[in-house]
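# Structural overview for review
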Amino acid sequence: MAKIGKALLKVLKILLVVILVLFVVYFWNLDQKVLGWAYKQVNAMFDRKKVDLVF
């Protein structure tokens, strides 16, 4: 019975940490900030790329 209790406690701790991390990401809008940074990096790469002009 003690093994089940320890396993359950460990699962609850992991779930609590996951929920806390998701709340922090949501609260500070970090997902949108990361995507905004990624878009700027991708646009910077493609803005430097030479365009082949074929007429």
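Shown above is the structure to which this text applies.
Residues numbered from 1 in each chain as written. Predicted model: local features only at pLDDT ≥ 70, side-chain atom pairs only at ≥ 80, totals over all residues. Heavy atoms only, no water.

## Some thoughts on the packing of aromatic side chains
Selection criterion: Within 6.5 Å between ring centres, the rings of Phe, Tyr and Trp (the latter by its six-membered ring) count as paired, and their orientation is classed by plane angle as stacked under 30 degrees, edge-to-face over 60, tilted in between. Note on conventions: DSSP H or I runs of at least 4 residues are helices, E runs of at least 2 residues are strands, and numbering of each starts at the N terminus. Each residue is assigned to one of three classes by its accessible area relative to the maximum for its type, calculated with a 1.4 Å probe on protein chains only: buried under 20%, partly exposed between the two thresholds, exposed over 50%.
Scanning the entire structure with this criterion turns up two aromatic pairs. For the ring pair F23 and F27, a centre distance of 5.7 Å and an interplane angle of 25 degrees mean the geometry is stacked. Of the two residues, F23 and F27 both sit in helix α1 (residues 2-27), four residues apart, roughly one turn of that helix. Judged by its relative accessible area of 48%, F23 falls in the partly exposed class. An angle of 75 degrees between the planes, with centres 5.7 Å apart, marks the rings of F27 and W28 as edge-to-face. On the basis of relative accessibility, which here comes to 55%, the residue F27 falls in the exposed class. What makes W28 partly exposed here is its relative accessible area of 49%. Put simply, the rings of F23, F27 and W28 touch in pairs and so form one group of aromatic residues.

## Remarks on α1
What counts is decided by this rule: Take the residue count of a helix, subtract one, and multiply by 1.5 Å to get its expected span.
A rise of 1.5 Å per residue sets the reference length of α1, with its 26 residues, at 38 Å; its end C-alpha atoms lie 37 Å apart and thus fit the reference within 8%. With zero of its 26 residues buried, α1 lies for the most part at the surface. At the exit of α1 stands N29, carrying a positive phi of roughly 55 degrees.

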